[in-house]
Amino acid sequence: MSLSFSPGPIGVFDSGYGGLTILSQIRKRLPQYDYLYLGDNARAPYGSRSFEVVYEFTLQAVRKLFEMGCQLVVLGCNTASAKALRTIQQRDLPFLDVNRRVLGVIRPTVESVGMLTKTRHIGILATEGTIKSESYPMEIKKLFPDVVVTGQACPMWVPLVENHEYDEPGADYFVRKSINKLLSLDSSIDTVILGCTHFPLLLPKIRQFLPAHITILPQGELVAASLENYLFRHPDMDARCTKGGTCRYYTTESTSKFSDSASIFMNQPLQASHIEL
């Protein structure tokens, strides 16, 4: 339990590439900070793994980012946020370092929902793991007890993105199928949360098949705004985050494979270093 510290970059973790959509929006809003992105691509996807395994893998990543100097870590992954965040915050942080922080992506997304829905019926499109965790309904009920929440797992959406098929005609069938399933469960839905950080790459197709009156909530901008607010409200943590405008990328997979795929998410070429967890 450390009381002394050296300022360091903000860590962003994901099981794969989707967290890059979060990082991209965070850097757009807060370009002055240093960032360190860690993708556990060798063990991705996390979506279908058990709570115990996701927790174990996520804790390994948080430990590594702490070792690399991060005072603040954002889990840019819905599955990790759903299955590991609370346990790490409550059980592990007091022993790792009581002054460091780990934040997730679910709470910032949920906080904006109440102002947007008129019908008070919300849909969640996410991975199987996130849907089964019930994390979104639980968080929404805490803040907005009157809101009805309906979830739909989209098992093919992440593979479509990671295999670079997200803008191909073949993706239409799978996107339409999951959306139709969701709306068949509740036709009163007027707001849909994209509860997976991969899904923004499917946004053109999602907009195509969702009725025009339904509001879509991708997470990146919401998480970035929430992080900005958090750092404003916690100047002590802000002082722990270095501000050089840099970003470094690490992957547990092949660096060339990561760089090829990650450039799609970031819309620019990037280089990564290999890391072991």
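**Student:** Mind laying out the overall build of the chain, listing which residues take part and the relevant values?
**Tutor:** In terms of regular secondary structure, the chain is built from 14 helices and 10 strands. Whereas a compact globule of 277 residues would reach a radius of gyration of roughly 19 Å, the chain reaches 18 Å, a difference of no more than 12%. On the principal axes, the C-alpha backbone points of the chain span a range of 55 × 40 × 35 Å. A burial count over the chain gives 55% of its 277 residues as buried. Long-range contacts, defined here as pairs at least 24 residues apart, represent 79% of the contacts in the chain between residues at least 6 apart. Accessible area for the chain stands at about 12000 Å²; split by element, carbon and sulfur atoms hold 53% of it.

**Student:** Explain the environment of G114 residue by residue, including any values.
**Tutor:** Along the polypeptide, G114 turns up in helix α6 (residues 113-116). When its relative accessible area of 15% is taken as the criterion, G114 is described as buried. Distance in space between the C-alpha atoms of G114 and L143 is 8.0 Å, their sequence separation being 29 residues. Beyond its immediate chain neighbours, meaning those up to four positions away, G114 contacts R120 and F144.

**Student:** Lay out the environment of F265 in plain terms, naming residues and giving numbers.
**Tutor:** Within the secondary structure, F265 sits in helix α14 (residues 255-266). Under the relative-accessibility criterion, F265 is labelled buried at 7%. Remark: the alpha-carbon pair of F265 and G19, spanning 246 residues in sequence, is separated by 9.0 Å. If we ignore the near neighbours within four places in the chain, the residues touching F265 are Y17, G18, L20, T21, V161, H198 and L201.

**Student:** Give me the lowdown on the confidence of the model for the chain, citing residues and values where you can.
**Tutor:** The share of residues in the chain with pLDDT of 70 or more is 99%, and the mean pLDDT across the chain is 93. Confidence scores differ between elements of the chain, with α14 showing the lowest mean pLDDT of 87 and strand β3 (residues 72-75) the highest of 98.

**Student:** Which residues make up the pattern of salt bridges, and what values do they have?
**Tutor:** Taken as a whole, this structure holds 13 salt bridges when the rule is applied. Ionic pairing is found between K64 and E67, a salt bridge with its closest N-O pair at 3.7 Å. Of this pair, K64 and E67 both sit in helix α2 (residues 51-67), 3 residues apart, roughly one helical turn. Overall, the relative accessible area of 62% leaves E67 in the exposed class. When the shortest N-O distance is used, the salt bridge between E253 and K257 registers 3.6 Å. Shared partners join several salt bridges into a network, and the residues in it are R86, R107, E111, E139 and K142.

**Student:** So what's going on with the layout of surface pockets? Residues and values would help.
**Tutor:** Looking at the largest pocket, its volume works out to about 620 Å³. Considering the residues around the largest pocket, the lining is formed by 27 residues, among which L85, Q89, G104, R107 and E139 are closest to the centre. Split into classes, the residues belonging to the lining of the largest pocket amount to 13 nonpolar, 7 polar and 7 charged. In this structure, the second largest pocket encloses a volume near 350 Å³.

What counts, and where the lines are drawn
- Residues numbered from 1 in each chain as written.
- Predicted model: local features only at pLDDT ≥ 70, side-chain atom pairs only at ≥ 80, totals over all residues.
- Heavy atoms only, no water.
- Helix = DSSP H or I, 4+ residues; strand = E, 2+ residues; numbered from the N terminus.
- Rg over C-alpha atoms; globule rule 2.2 N^0.38 Å.
- Buried < 20%, exposed > 50% of the residue type's maximum accessible area, 1.4 Å probe, protein only.
- Contact = heavy atoms within 4.5 Å.
- Areas by Shrake-Rupley, 256 points an atom, 1.4 Å probe, with all protein chains shown as cover.
- pLDDT = per-residue confidence, 0-100.
- Salt bridge = Lys/Arg side-chain N within 4 Å of Asp/Glu carboxyl O.
- 1 Å grid on protein atoms, 1.4 Å probe; cavity = no way out; pocket = protein on both sides within 12 Å on 5 of 7 lines; lining within 4 Å.
- Points joined across faces, edges and corners; volume = space filled by probe spheres on them.
- Nonpolar A, V, L, I, M, F, W, Y, C, P; charged D, E, K, R; others polar.

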